[in-house]
Amino acid sequence: GVDDYIARAKMMSKDLKALNPNLQLSVPMLRKANTANPKYNELVAADSAYFDAVTVHTYVGYDPDNADDSDEAYGTALVARAHIAKSVDDYSKKVAPNKPVWLTEWGVKSGGPNAASALGMADTYMFMSENQDTYHRSNWFSVNGKLNSFVQWETYIAPSGVERPRIKYPLEKTLFGSTHQIVRQALQDSVMLASSVNSPELSLGVKSITARAVIKNGKV
């Protein structure tokens, strides 16, 4: 139960901090309603002294190959930043407002690595760059797994005669991998400048154009 989890987490926190007071510890929190234990976040955060951050896993998007939700899939991916924000602001932020967020798993998908998914991914990175006081870690899931992979996969016939998936060699980047590379080249080790853009909104307060100005290697 949640009480057992909290007790163990507090004990581990105490022991680890005794070994190294500079260690930062995170606890997982819900990012959507949970009927099994609707007060989970509230209980975990009742005593906030034993953790330094909260872990959230937010996946945005639907499958546009399903005719029942194809429009929603693309629309959701393009306003991914709003869904990421909502999954934090409406849940962990309400019970632990001063704790930074570690997105140790997150992703944006609308049927795979297509243009809508890539734009949603890039815009969410921009969003996190604008809210670094909240988002301290962001690990895309996954770099070389099948879900939202950075690299292409293929199928092959195993010796048993069964068709199986595997990473394709030589390695080829998917649109997710290429988008991450472009965003990283632009933003990593740069100084971000305050900026604003006037643009029509898609929905949910998400502008149709997002931009950040940076100084990198002495150039704007």
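Definitions and limits used
Residues numbered from 1 in each chain as written. Predicted model: local features only at pLDDT ≥ 70, side-chain atom pairs only at ≥ 80, totals over all residues. Heavy atoms only, no water. Helix = DSSP H or I, 4+ residues; strand = E, 2+ residues; numbered from the N terminus. Buried < 20%, exposed > 50% of the residue type's maximum accessible area, 1.4 Å probe, protein only. Contact = heavy atoms within 4.5 Å. Areas by Shrake-Rupley, 256 points an atom, 1.4 Å probe, with all protein chains shown as cover. Lys, Arg positive; Asp, Glu negative; His and termini not counted. Charge placed at Lys NZ, Arg CZ, Asp CG, Glu CD. Salt bridge = Lys/Arg side-chain N within 4 Å of Asp/Glu carboxyl O. Polar contact = N/O pair within 3.5 Å; in protein donor to acceptor, adjacent residues only side chain to side chain. Arc of directions from axis to C-beta. Phe/Tyr/Trp six-rings, centres within 6.5 Å; stacked < 30°, edge-to-face > 60°. Core = buried A, V, L, I, M, F, W, Y, C linked by side-chain atoms within 4.5 Å.

**Considering the overall build of the protein chain**
No. 1: Within the protein chain one finds 6 helices and 10 strands.
No. 2: A principal-axis box enclosing the C-alpha atoms of the protein chain has dimensions of 55 × 45 × 40 Å.
No. 3: In the protein chain, which comprises 220 residues, the share counted as buried stands at 35%.
No. 4: In the protein chain, the proportion of contacts linking residues at least 24 apart, taken out of those at least 6 apart, comes to 62%.
No. 5: Carbon and sulfur atoms provide 53% of the accessible area of the protein chain, an area that totals close to 13200 Å².
No. 6: Considering the protein chain, the positive charge centre built from 24 side chains and the negative charge centre built from 23 side chains are found 6 Å apart.

**A closer look at the pattern of salt bridges**
No. 1: Inspection of every chain in the model, using the stated rule, returns 7 salt bridges.
No. 2: In this structure, Asp123 and Arg81 form a salt bridge, with 2.9 Å as the shortest nitrogen-oxygen distance. You can see Asp123 sitting in helix α5 (residues 115–130) and its partner Arg81 sitting in helix α4 (residues 80–95), a full 42 residues away along the chain. Across the pair, exposure class does not vary: Asp123 and Arg81 are buried alike.
No. 3: A salt bridge links Glu130 to Arg81, with the shortest nitrogen-to-oxygen separation between them at 3.2 Å. Of the two residues, Glu130 sits in helix α5 while Arg81 sits in helix α4, which places them 49 residues apart along the sequence.
No. 4: Each of Arg81, Asp123 and Glu130 takes part in one network of salt bridges that share partners.

**Description of the side chain of Asn148**
No. 1: Inspection of the secondary structure assignment puts Asn148 in the loop between β4 (135–140) and β5 (153–157).
No. 2: Residue classification places Asn148 among the buried residues on the basis of a relative accessible area of 6%.
No. 3: In terms of polar contacts, Asn148 uses its side chain to reach the backbone carbonyl oxygen of Phe141, at 3.2 Å.
No. 4: Excluding its chain neighbours within four sequence positions, the residues that come into contact with Asn148 are Tyr59, Gly107, Val108, Lys109, Trp140, Phe141, Ser142 and Phe176.

**Focus on helix α3 (residues 70–78)**
No. 1: All buried positions along α3 are accounted for by Ala73, Thr76 and Ala77. One face of α3 carries all of its buried residues, which in axial projection span an arc of 95°.
No. 2: Its buried side turned inward, α3 meets β2 (53–60), α4, β3 (101–108) and α5.

**Considering the packing of aromatic side chains**
No. 1: Overall, the coordinates contain 7 aromatic pairs when judged by the stated rule.
No. 2: When the ring of Trp140 is compared with that of Phe150, the centres are 6.5 Å apart and the planes differ by 35°; the resulting orientation is tilted. Here the residue Trp140 occupies a position in strand β4, and Phe150 occupies one in the loop between β4 and β5, the gap between them amounting to 10 residues. No difference in accessibility class separates Trp140 from Phe150, as the two residues are buried.
No. 3: Taking the centre distance of 5.0 Å and the plane angle of 50° together, the rings of Trp140 and Phe176 count as tilted. Of the two residues, Trp140 is situated in strand β4 and Phe176 in helix α6 (residues 175–187); the sequence distance between them amounts to 36 residues.
No. 4: Assessed through its relative accessible area of 6%, Trp140 is described here as buried.
No. 5: Exposure remark for Phe176: the relative accessible area of 1% places this residue in the buried category.

**As for the nonpolar core**
No. 1: By size, the foremost hydrophobic cluster in this structure holds 36 residues, and its most contacted members are Trp106 and Tyr135.
No. 2: Elements supplying a minimum of two residues to this core: α1 (2–19), α2 (40–44), β2, α4, β3, α5, β4 and α6.
No. 3: Of the residues forming this core, the biggest block, 6 residues, is contributed by α5.
No. 4: Contacts of Tyr135, omitting those with residues within four sequence positions, involve Ile84, Ala85, Val88, Val101, Leu103, Phe127 and Met128.

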